[in-house]
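# Structural overview for review
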Amino acid sequence: MTTPAAAHLLTHHLSVRRCAATGAIVLGVLFVLCWLGGAMGLLGSSHMFVALFTTSPLTSAMAIASGLFWSIVFGAITGALTALAYNAFPTLKR
């Protein structure tokens, strides 16, 4: 007989939509922080992270707009893929 706790482990899954939203928010905020650090000259290597999402000059308005857009898109994709991969292996336990 399966205990309620064990049954929860077997049926627990992550919401793809919730993980996608979380990934979008996290990567979007991280992009803005790195863009601010790079634009103000505070963080020397943060421009490398910004360059992942835009080819515009670091201090331009286009860099923040397009970079933020693409970081949100890729954050959502990453979050959704994480949830899908997690949900693909329901029988694996700790």
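Residues numbered from 1 in each chain as written. Predicted model: local features only at pLDDT ≥ 70, side-chain atom pairs only at ≥ 80, totals over all residues. Heavy atoms only, no water.

The number of helices and strands found in the protein chain is four helices and zero strands. Each helix and strand of the protein chain, ordered N terminal to C terminal, gives the series α-α-α-α. Residues classed as buried in the protein chain amount to 27% of the 94 residues present. Of all intrachain contacts in the protein chain linking residues separated by at least 6 positions in sequence, the fraction that spans at least 24 positions is 59%. As displayed, the protein chain has an accessible area near 6600 Å², and 74% of this comes from carbon and sulfur atoms. (Helix = DSSP H or I, 4+ residues; strand = E, 2+ residues; numbered from the N terminus. Buried < 20%, exposed > 50% of the residue type's maximum accessible area, 1.4 Å probe, protein only. Contact = heavy atoms within 4.5 Å. Areas by Shrake-Rupley, 256 points an atom, 1.4 Å probe, with all protein chains shown as cover.)

Let's shift gears to the side chain of T54. Examined against the element boundaries, T54 turns out to sit in the loop between α3 (46-51) and α4 (61-87). One polar contact links the side chain of T54 to the main-chain amide nitrogen of S56, over a distance of 3.1 Å. Reaching out from T54, the side chain makes a polar contact with the side chain of S66 at a distance of 3.0 Å. Here T54 is in contact with M62, A63, S66 and G67, once residues within four sequence places are set aside. (Polar contact = N/O pair within 3.5 Å; in protein donor to acceptor, adjacent residues only side chain to side chain.)

It is worth spelling out the packing of aromatic side chains at this point. Counting across every chain of the model gives five aromatic pairs. Measuring from ring centre to ring centre gives 6.0 Å for F31 and F53, while their planes differ by 85°; the resulting arrangement is edge-to-face. Of the two residues, F31 sits in helix α2 (residues 16-39) while F53 sits in the loop between α3 and α4, which places them 22 residues apart along the sequence. Comparing F31 with F53, the two get one shared label, buried. (Phe/Tyr/Trp six-rings, centres within 6.5 Å; stacked < 30°, edge-to-face > 60°.)

Next up on the list: the nonpolar core. Nonpolar side chains in soluble globular proteins tend to end up buried together. By size, the foremost hydrophobic cluster in this structure holds eight residues: L27, F31, C34, W35, F49, V50, F53 and A63. In terms of residue count, the dominant contributor to this core is α2 (four residues). With residues up to four places along the chain from it excluded, the contact list for V50 reads F31, C34, W35 and L58. (Core = buried A, V, L, I, M, F, W, Y, C linked by side-chain atoms within 4.5 Å.)

Counting through the fold element by element, W35 comes out in helix α2. Once you skip the residues sitting within four places of it in the chain, W35 turns out to touch V50, L58, T59, S60, A63 and I64.

On the surface, I25, V29, L33, L36, M40 and L42 cluster together into a nonpolar patch covering about 620 Å² of accessible area. By the element assignment, M40 lies in the loop between α2 and α3. The exposure class of M40 is exposed, given its relative accessible area of 56%. (Patch = residues over 30% accessible without salt bridge, like charges linked within 9 Å, V, L, I, M, F, W, Y side chains within 5 Å. Salt bridge = Lys/Arg side-chain N within 4 Å of Asp/Glu carboxyl O.)

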